[in-house]
Amino acid sequence: MEFSDLSQAAVAVLRTADARAKAELGRRAAAAWRSGALPFAYSVFPPDRPGRPEEPPLLPPRRVKKRKITAETRGRVALLHALAHIELNAIDLAWDAVARFPDAGFPRAYADDWVRVGDEESKHFLLIADRLEALGSRYGALPAHDGLWQAAVETADDPLARQAVVPLVLEARGLDVTPPMIAKLREVGDDPSADILQVIHDDEIGHVAVGKRWFDHLCAERKLEPVATWQAIVRARFRGGVKPPFNIPSREAAGFDAAFYGPLGDEYLDSQRGAAE
């Protein structure tokens, strides 16, 4: 694997269609960056859409069935398949963040952070893919949806919006929903799957912290007040709302204070009550 600079490595990961090959290339590219083999330079621009395997078929989000976690293998496979698809998208979101904003003037530490995130997302995907195979399935065996990449499309024009939405809405949501899944998996005796989700949760605290760090950096550069700015961006650019309940301890461990997301959580609850009346 030889690339002339970091952007070429990032774009190569993005363009790779095979899911396992994408994850493995991401890990190799991250290792090359850490070794000093890749100059911190931009010579190519990322594609509008990343490469994707022929399977799974991508359906509208509402058509993708959800299964409860039970001792029955089928339900756990469906959960793990959905999580594998999330992690595949997360690989692309991380490497897109590396290469998407060459004119933002980010220091090398920005690339260090997002390459690490991309590396960990690859690790997560491979852990889940291996677990699916141990359970007699594989990634691609079930339908999935394409909703996650919409966050990249909606924030492609502004690195501040990208930091606000991808790590501070999507990854932060993972902090909220993963612990209950871990508990349920342990309850039905699937400790190997639960252990994988614990690794993912713990790493994602760091991913949210990365987003918060660079969101604050850009707010300081632009002389913007962070709380009001984040709330305005999320209202304008993220569909679906910021849903409580929140895992406040994990969010606080990432440096993400409830002053940011608490009011939007209240707005979401108000909207649900209004829709029900």
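This section reports on the structure supplied with the text. Numbering of residues starts from 1 in every chain and runs along the sequence as written. Confidence filtering applies because this is a predicted model: local features only for residues at pLDDT of at least 70, side-chain atom pairs given and counted only at 80 or more, and all residues used for totals across whole chains, interfaces and linings. Side-chain numbers come from the whole structure's heavy atoms, not from hydrogens or water.

What to know about the packing of helix α6 (residues 159-187) against helix α8 (residues 226-237)
Test applied: Between N-to-C directions, angles span 0 to 180 degrees; the directions come from axes that are lines fitted to C-alpha atoms, helices contributing only their stretch in contact. Each helix is a run of H or I in the DSSP string that is no shorter than four residues. Each strand is a run of E no shorter than two, and both are numbered from the N terminus. Orientation labels follow simple angle bins: below 35 degrees gives roughly parallel, above 145 gives roughly antiparallel, 65 to 115 gives roughly perpendicular, and whatever is left gives oblique. Note on contacts: a residue pair is in contact if any heavy atoms of the two residues lie within 4.5 Å. All residues other than Ala, Val, Leu, Ile, Met, Phe, Trp, Tyr, Cys, Pro, Asp, Glu, Lys and Arg, Gly among them, are scored as polar; the first ten of these are nonpolar and the last four charged.
Remark: α6 packs on α8, axes separated minimally by 10 Å, with the N-to-C direction vectors making an angle of 85 degrees. Classed by the angle they form, the pair α6 and α8 counts as roughly perpendicular. Residues L160, A161, A164, V165, L168 and V169 of α6 lie in contact with α8, whose contacting residues are T229, W230, I233, V234 and R237. Along the lines of polarity and charge, the residues of the contact of α6 with α8 split into nine nonpolar, one polar and one charged.

What about the pattern of salt bridges?
Basically, it comes down to this: What counts as a salt bridge is simple: a side-chain nitrogen of Lys or Arg found within 4 Å of a carboxyl oxygen of Asp or Glu. Remark: exposure states derive from per-residue accessible area (1.4 Å probe, protein chains only) relative to the maximum for the residue type, with buried under 20%, exposed over 50%, and partly exposed in between.
Scanning the entire structure with this criterion turns up 24 salt bridges. Between R20 and E133 there is a salt bridge whose closest N-O contact spans 3.2 Å. Note that R20 is positioned in helix α2 (residues 19-35) and E133 in helix α4 (residues 108-134), a separation of 113 residues in sequence. Residue R20 is classed as partly exposed on the basis of its relative accessible area, which comes to 25%. Two residues, R213 and D113, come together in a salt bridge whose shortest N-O distance is 3.0 Å. Linking R213 in helix α7 (residues 191-222) with D113 in helix α4, this pair joins segments that are 100 residues apart in sequence. On the basis of relative accessibility, which here comes to 40%, the residue R213 falls in the partly exposed class.

With respect to the nonpolar core
The line we're drawing: In these notes, a set of buried Ala, Val, Leu, Ile, Met, Phe, Trp, Tyr and Cys residues joined through side-chain atoms within 4.5 Å is what counts as a nonpolar core.
Counting residues in hydrophobic clusters, the biggest one holds 78 residues, and the most contacted among them are W95, W114, F125, F215 and W230. Per element, the largest residue contribution to this core is 13 residues, and it comes from helix α3 (residues 73-99). If sequence neighbours within four positions are ignored, F125 has contacts with A19, R20, A23, A84, E87, L88, I91 and Y139.

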